[in-house]
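Structural overview for review
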Amino acid sequence: MILTVLQKTVQNSAGVSFVPAFNGMEVPYRDPFAGTSLFGISLSTKVGHIVRAVLESQTFISHHVLNLIFDYYGKPKKIRVDGGASQSLFIIENLVTLSEIEIERSKCVEGSLMGASFLAGLGVGLYNDLNDIKTNVLLENKLSFGKLWIY
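Residues numbered from 1 in each chain as written. Predicted model: local features only at pLDDT ≥ 70, side-chain atom pairs only at ≥ 80, totals over all residues. Heavy atoms only, no water.

Some remarks on the packing of helix H2 (residues 47-73) against helix H3 (residues 89-99)
Using the following cut-off: All axes are obtained by fitting lines to C-alpha atoms, using only the stretch in contact for helices, and the reported angles, taken between N-to-C directions, cover 0 to 180 degrees. A run of H or I in DSSP counts as a helix once it spans at least four residues, and a run of E counts as a strand once it spans at least two, with each numbered from the N terminus. Reported orientations rely on four angle classes, namely roughly parallel under 35 degrees, roughly antiparallel over 145, roughly perpendicular from 65 to 115, and oblique for the rest. By the definition used in this description, the sense in which the near helix is turned from the far one sets the handedness, with an anticlockwise turn below a right angle giving left-handed and a clockwise turn giving right-handed. Here a residue-residue contact requires only that any non-hydrogen atoms of the pair lie within 4.5 Å. Each residue gets one label: Ala, Val, Leu, Ile, Met, Phe, Trp, Tyr, Cys and Pro are nonpolar, Asp, Glu, Lys and Arg are charged, and the others, such as Gly, are polar.
Here H2 crosses H3 at 40°, and the two axes come no closer than 9 Å. Between H2 and H3, the crossing angle belongs to the class labelled oblique. For the pair H2 and H3, the crossing hand works out as right-handed. Here Arg52, Leu55, Glu56, Gln58, Thr59, Phe60, Ser62, His63, Leu66 and Phe70 of H2 lie close against H3, whose contacting residues are Phe90, Ile91, Asn94, Leu95, Leu98 and Ser99. Classifying every residue of the contact of H2 with H3 by side-chain character gives eight nonpolar, six polar and two charged.

Let's talk about the pairing of strand E3 (residues 78-81)
Condition: Classification of residues uses two cut-offs on accessible area relative to the type maximum, computed with a 1.4 Å probe and protein chains only: under 20% is buried, over 50% is exposed, and between them is partly exposed. If DSSP finds at least two bridges between two strands, the strands pair.
Where burial is concerned, the two faces of E3 differ: the one with Ile79 and Val81 is buried and the one with Lys78 and Arg80 is not. As paired elements, E3 and strand E4 (residues 102-106) share four bridges and run parallel to each other. Bridge pairing links Arg80 to Glu104 in E4.

What follows is the structure in structure tokens.
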């Protein structure tokens, strides 16, 4: 992934901050008039600093959403993630540290599609119950508390 390569070219975001509000701010802030912003750019800013700021912003947004879920439902011992952002080890490792929770990353990037397939299989008798399905979920790795890479 090109973003991972660029993010590793710098040690930190060098004061660059990114606010991902392309269609206004969504959960947890709900401000439809907010705009996407990039702050802290200077003459010494490199592409890696901007990429790192973008990845950090995704980490913080995810952390805020998780906190809302944890406040409402309680904090589980671990969560399982999938989707495009879950493929960034930088995002997931920092999310683990910020949220203080174990995260399991699925080998399947498209978990919604996989879930629909499993439920269809359950409906036609391919699986006996949900425990049958659980044994078929492939995990890439588990991440536990570690070093925070965001500065």
